[in-house]
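Observations on the model geometry
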Amino acid sequence: MNRATRRKATNTIFVGLCAFATLIALGALVLILWSLVVNGIGGIDAHIFTMDQPAPGSPGGLRNGIVGSLMMCGMGMLIAVVVGILAGTWLAEYGGQTPYGHAVRFLNDVLLSAPSILVGLFVYELLVKPFHGFSGYAGAVALALLAAPIVTRTTEDMLTLQPNTLREAGMALGAGRGFVIRSIIWKAAGAGLLTGALLGFARISGETAPLLFTSLGNQFFNANLTQPMASLPTTIFQFALSAYDDWRRLAWVGALLIAVAVLAVNTIGRFVARETHRS
Amino acid sequence: MNETATTAATIAAATYDAPIMTVPPADKLVLEARKLDFFYGKTQSLFGVDLPIERNKITALIGPSGCGKSTLLRALNRIYDLYPGQYATGRIMLDGEDILSDRGAVGRLRERDGDDAAGDVKSGSTDMSKLRARVGMVFQKPTPFPMSIYDNVAFGVRLYYKKSRAEMDQIVERSLRRAALWDEVKDKLNSSGLGLSGGQQQRLCVARGIAVEPEVLLLDEPASALDPVSTAKLEETLMELREDFSIVIVTHNLQQAARISDHTGFMFLGRMIEFRPTAELFERPQSTRTRDYVTGRFG
């Protein structure tokens, strides 16, 4: 066997292995989505969005969970994006190379992989026990704690990618450091910053454990963040483990809704990022 | 930027004659570096450099890589302030005022105390922004901002003046015309500056730099990333800009220096070797080092 044939054969083998590995990963994804759609699509009707979770055997929907999830995820993301972008910017542009900066980056990485149930317990001690009650705010803070490290990390990475000459060019015109970052660097890294936020959202949208200790769940409709609040993941958790068929059907619908929401937000986000980058 | 400990050792070992300088009359100078030393932390990379910049002329800096041309240029608007540990001593006179006076000392103190709170200018930041309005800079790689062509040009102006839309329109058009870019972009002022070709982007950066009407425009190898046609266009633009601005250009391209500049400084290992009117320096170099370099015997 000559050299060229041997190289060709090696190439074929490795491409084959890569394709196989990809297939395994994609296969799992397809199977998950497939079972979600098969089991969930049948349960979707107008009641899902207009009625709250029912008692076993009665008609009902997921309105309280959907609203609770939207409110807590929305507020959690708001906190996470503000904190994450500021922290990431500080790491990339100001103090990242100081001892304090290294410590912050290390702790952020630790937080990045912290078990979510511990975050839930932490917020329980911080916001639930002192105020004698579970609340939507506590849930939002727990979710923010999970998303902020992701946003911080991505922000730092994306800003570090921006060439130094861009900063110099801004400052060579007489702009201050902060102004250059806000008006040039953030803009140049816009798509990347958005990606960070999307990753954060994807991470928290299905989180159950941290909510169990913080927002608890609520079988009634509640849009008051100071009170215990329902959410899709906790509802799924409760319904999926139940003995009632209609509850389990609703759990499938809830899971499908979360998957669709994450998919939609990601797709829209990427589309927006690409469009704004192009114009 | 590329100076290393080895160059420092080489410098110490070499002997140097006094620089051969033909300095234009003092009243015609807009900017002048005197006995300028520059340090990247502990590494010294400029050694007592003198550089006179004559008003409304083009001054070229040539020399082999690592000789300190870019360092010298970056000292002239103190862009090095961005980086902790970099500092200059000596004098840089801009219209009779020493632009190093406040921070030269501060830089040294910081170096000594190991304070590396990234180069934010704490005191006198307004002076720094004024300085940069008077001494503009264009970089080796085109650096259009991620915004429209119009906003790119208006960026610097908006930092200093509150202009009406009509006034700003005028400034943008005038700057783009002077940078010889107007005809190519007048119909797409609102599209992104990133969509332009490399040569156009570089002329956009020139337009952005001159929009604030600086006295001096510094260019750090502005054509090295451009093809010959774009280079010719840029050179033509610079020759015309000489009417209104004083230009300092660092270049690796000897023909370019010979074509467009009025004065040329030849630098070697952090020192000014010879500074004379361009034609004289290229036709009758007095230092052997200059002669070797311009005739292509080394570098």
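Residues numbered from 1 in each chain as written. Chains lettered and ligands numbered in written order. Predicted model: local features only at pLDDT ≥ 70, side-chain atom pairs only at ≥ 80, totals over all residues.

1. Thoughts on the overall build of chain B
For chain B, the helix and strand inventory stands at 12 helices and 11 strands. The buried share among the 299 residues of chain B stands at 44%. In chain B, the proportion of contacts linking residues at least 24 apart, taken out of those at least 6 apart, comes to 72%. (Helix = DSSP H or I, 4+ residues; strand = E, 2+ residues; numbered from the N terminus. Buried ≥ 20, exposed ≤ 12 C-beta atoms within 10 Å, placed from the backbone. Contact = placed C-beta atoms within 7 Å.)

2. Let's talk about the domain arrangement of chain A
All names here are of chain A. Splitting chain A by domain gives domain 1 (3–43) and domain 2 (46–278). Once you take the C-alpha centre of each, domain 1 and domain 2 turn out to be 30 Å apart. A class-by-class count of the residues in the side of domain 1 that touches domain 2 yields 4 nonpolar, 3 polar and no charged. (Domains from an automatic or database assignment. Nonpolar A, V, L, I, M, F, W, Y, C, P; charged D, E, K, R; others polar.)

3. Topic: the sheet that holds strand 4 (residues 58–62) of chain B
Residues and elements named next belong to chain B. The strand order 1-11-10-4-9-8-7 describes an open sheet built from 7 strands, whose pairing is mixed. Edge positions in the sheet fall to strand 1 (20–21) and strand 7 (135–138), since each of these pairs with one other strand and no more. Bridging between strand 4 and strand 10 (residues 263–268) involves 4 bridges; their strand directions are parallel. Pairing of Ile62 across the sheet is with Phe266, part of strand 10. (Pairing = 2+ DSSP bridges.)

4. A few points about unusual backbone geometry
All names here are of chain B. Although it is not a glycine, Arg78 adopts a positive phi angle of roughly 55°. When you line up the elements, Arg78 lands in the loop between helix 2 (69–76) and strand 5 (86–94). Positive phi, close to 55°, is recorded for Ala180, a residue that is not glycine. Looking at where Ala180 falls in the secondary structure, it is placed in the loop between helix 6 (165–178) and helix 7 (182–185).

5. Observations concerning the nonpolar core
In this structure, Ala147 of chain A together with Val248 of chain B are the most contacted members of the largest nonpolar core, which totals 132 residues. The element that contributes the greatest number of residues to this core is helix 6 (residues 136–161) of chain A, accounting for 15 residues. What Val248 of chain B contacts, discounting residues up to four positions off in sequence, is Ile53, Thr59, Leu61, Leu73, Leu76, Val216, Leu218 and Leu219 of chain B. Grouped together as the second largest cluster of nonpolar side chains are 14 residues, Ile66, Ile236, Trp247 and Leu250 of chain A included. (Core = buried A, V, L, I, M, F, W, Y, C linked by C-beta atoms within 7 Å.)

6. A closer look at the interface of chain B and chain A
Across the boundary between the two partners, chain B contributes 23 residues, which contact 16 residues of chain A. Where the side of chain B that touches chain A is concerned, the elements lending two or more residues are helix 4 (125–134), strand 7 and helix 5 (149–160) of chain B. For the side of chain B that touches chain A, the leading source of residues is helix 4 of chain B, giving 4 residues. Here the side of chain B that touches chain A is composed, by residue class, of 12 nonpolar, 7 polar and 4 charged.

7. Considerations on the packing of helix 7 (residues 164–172) of chain A against helix 8 (residues 177–188) of chain A
All names here are of chain A. In contact at an axis separation of 9 Å, helix 7 and helix 8 are set at 135° when each is read in the N-to-C sense. In terms of orientation, helix 7 lies oblique with respect to helix 8. Between helix 7 and helix 8 lies a crossing whose hand is right-handed. Contact residues: Leu166, Arg167, Gly170 and Met171 in helix 7; Arg177, Val180, Ile184, Ile185 and Ala188 in helix 8. Across the contact of helix 7 with helix 8, the residue classes tally to 6 nonpolar, 1 polar and 2 charged. (Axes fitted to C-alpha atoms, helices over the stretch in contact; angles between N-to-C directions. Parallel < 35°, antiparallel > 145°, perpendicular 65-115°, else oblique. Left-handed = near helix turned anticlockwise from the far one by under 90°.)

8. Section: the environment of Ile150 of chain A
All names here are of chain A. Tracing the sequence through the fold places Ile150 in helix 6. Each C-alpha atom, one on Ile150 and one on Asn108, is 8.5 Å from the other, the two residues being 42 residues apart in sequence. With residues up to four places along the chain from it excluded, the contact list for Ile150 reads Leu112, Gly196, Leu199, Gly200 and Arg203.

9. Quick look at the sheet that holds strand 3 (residues 43–54) of chain B
Residue and element names in this part refer to chain B. Pairing in this open sheet of 4 strands is antiparallel, and the strands run 3-2-5-6 from one edge to the other. This sheet does not close on itself; its edge strands, each paired only once, are strand 3 and strand 6 (97–98). Direction of pairing for strand 2 (residues 29–40) relative to strand 3: antiparallel, over a ladder of 8 bridges. Following the sheet pairing, Leu29 is matched in strand 3 by Glu54. On the sheet, helix 2 packs against strand 2, strand 3 and strand 5 and is oriented at approximately 120° with respect to strand 2.

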